[in-house]
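# Survey of secondary and tertiary structure
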Amino acid sequence: MGNAVCCARVFVPDLNDVLIQDVDDLGDAVMVTARTTAKEAGCPSCGTVSARVHSRYRRVLDGLAAGGRPVSISLVVRRFFCRETECSQRIFAEQVAGLTTRYARRTTALRELLTSVAIALAGRAGARLTAVAGVAAGRSSFLRILRSLPDPEVGEIRLLGVNDFAKRRGSSYATILIDLESRRPVDILDGRTSAHLAQWLKAHPGIKVICRDRAGAYADGAREGAPDAIQCADRWHLWSNLGDALEKTVRAHRARLDETTEADQDPPIQEDTEPPAERPRTLDSGGNERPFVDRTRTRYTRIQQLKARGASLNSISRDLGLAFRTVQRFANAASADELLPLSSTELASSTGSSPT
């Protein structure tokens, strides 16, 4: 038992302030039974220290995994009476520093680990990683941990980006505020009115430049909340507004585009009476014979030789590794030129007959 307790304290250092009574090896998990040893505890509401015990109860906590196996801690804690008569909380439960918190089912160390994983990987990816480490936590647990985290401090902002986004397109919108120096969002306003923006700017003075879209509500809110700040449009809205202005200008003067004089018109293009010479399809743009032409002529000669020797079309197909229909087409052709993609004029000149 002594060795098991020493091992438990080594693998679960949070148990140093409690008395370990038993360590059970459950095969795929480890159960540690312990109880608190402090003689008194402080009230969480008023801070008054009390030693008057009301009752005891058992709570089960999930701890850090040991050797890839989950560790559960069965801890017996006490309830105390609060000695302060004016305190609203008459009875309170003791907490072990670094091990337990109110209403928690995980140890402090395990919660810190899951918080770090949730920030880095969020839901599904975090659940897959912790499952390998021997910690059971679903994707919803990671999302709840993220939602419970306090918002980071906004700090001092000099360059602020303001833009709206749709929570539900056509129905509900909000405003996102971004620190343009760190390129990170700092806050989200429920709405996109000037009052929301002005109220936020008054609570966060020191902004020098406000980069926003061209909405009139944001312009009014910026003037009211930060009158000394410089307002400018972001790059995307500049290009968008430039395109809209150009389109309106073209539509307004579209009728004038057809009002051209004869002097402004270009002289008619003289068409050639003779059509340009057509390049044979068997030649490439450089005037060289294409590779498939030589391949077609060689294949035609080989098939005709085998046919003259009395070989059947099936045997020719097997020997040359060609489809039967291909061999049949080559065998029935009068010349290799019939198998090339020639125009009717080229075909007539090569066979010596007039095109149909």
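In this report, the structure presented in the accompanying data block is examined. (Residues numbered from 1 in each chain as written. Predicted model: local features only at pLDDT ≥ 70, side-chain atom pairs only at ≥ 80, totals over all residues. Heavy atoms only, no water.)

This next bit is on the packing of helix α2 (residues 108-121) against helix α4 (residues 139-148). At a minimum axis distance of 9 Å, the contact between α2 and α4 shows a crossing angle of 90°. It follows from the interaxial angle that α2 and α4 lie roughly perpendicular. Residues Arg111, Leu114, Thr115, Val117, Ala118 and Ile119 of α2 lie in contact with α4, whose contacting residues are Phe142, Ile145, Leu146 and Ser148. Residue classes in the contact of α2 with α4 are distributed as 7 nonpolar, 2 polar and 1 charged. (Axes fitted to C-alpha atoms, helices over the stretch in contact; angles between N-to-C directions. Helix = DSSP H or I, 4+ residues; strand = E, 2+ residues; numbered from the N terminus. Parallel < 35°, antiparallel > 145°, perpendicular 65-115°, else oblique. Contact = heavy atoms within 4.5 Å. Nonpolar A, V, L, I, M, F, W, Y, C, P; charged D, E, K, R; others polar.)

This part takes up the packing of aromatic side chains. Per the stated rule, a full pass over the model turns up 1 aromatic pair. Here the aromatic rings of Phe80 and Phe92 are separated by 6.0 Å at their centres, their planes lie at 25°, and the arrangement is stacked. Within this pair, whereas Phe80 is found in strand β6 (residues 69-81), its partner Phe92 is found in strand β7 (residues 91-93), the two being separated by 12 residues in sequence. According to the relative accessible area criterion, Phe92 is buried, its value standing at 2%. A cation over a ring is seen here: Arg52 above Phe81, with NZ or CZ 4.4 Å from the ring centre. Between the NZ or CZ atom of Arg192 and the centre of the ring of Tyr173, over which it lies, the distance is 3.7 Å. (Phe/Tyr/Trp six-rings, centres within 6.5 Å; stacked < 30°, edge-to-face > 60°. Buried < 20%, exposed > 50% of the residue type's maximum accessible area, 1.4 Å probe, protein only. Lys NZ or Arg CZ within 6 Å of the ring centre and 35° of its normal.)

Read from one edge of the open sheet, 5 strands run β10-β9-β8-β11-β12, paired in mixed fashion. The open sheet has two edge strands with one neighbour each: β10 (184-189) and β12 (230-233). In this sheet, neighbouring strand axes are inclined to one another by 30° on average, regardless of whether the strands run parallel or antiparallel. As paired strands, strand β8 (residues 159-168) and strand β9 (residues 172-179) are joined by 8 bridges and run antiparallel to one another. Bridge pairing in β9 links Asp164 to Thr175. Along the sheet, helix α5 (residues 194-203) contacts β8, β9, β10 and β11 (209-212); its crossing angle with β10, the most-contacted strand, is approximately 125°. (Pairing = 2+ DSSP bridges.)

Looking now at α5. Think of an α-helix as turning once every 3.6 residues; residues three or four places apart then point the same way. Those residues of α5 that sit buried are Leu197, Ala198, Trp200 and Leu201. One side of α5 holds all its buried residues, which, seen down the axis, span an arc of 165°. Opposite its buried face, α5 presents the exposed residues Ala195, Gln199, Lys202 and Ala203, each directed more than 90 degrees away. Buried residues belonging to α5 abut β8, β9, β10, β11 and α6 (216-225). (Arc of directions from axis to C-beta.)

It is generally the case that most residues other than glycine have a negative phi and that most peptide bonds are trans. In this model, Tyr103 sits at a positive phi of 65°, which is unusual for a non-glycine residue. On the secondary structure map, Tyr103 appears in the loop between β7 and α2.

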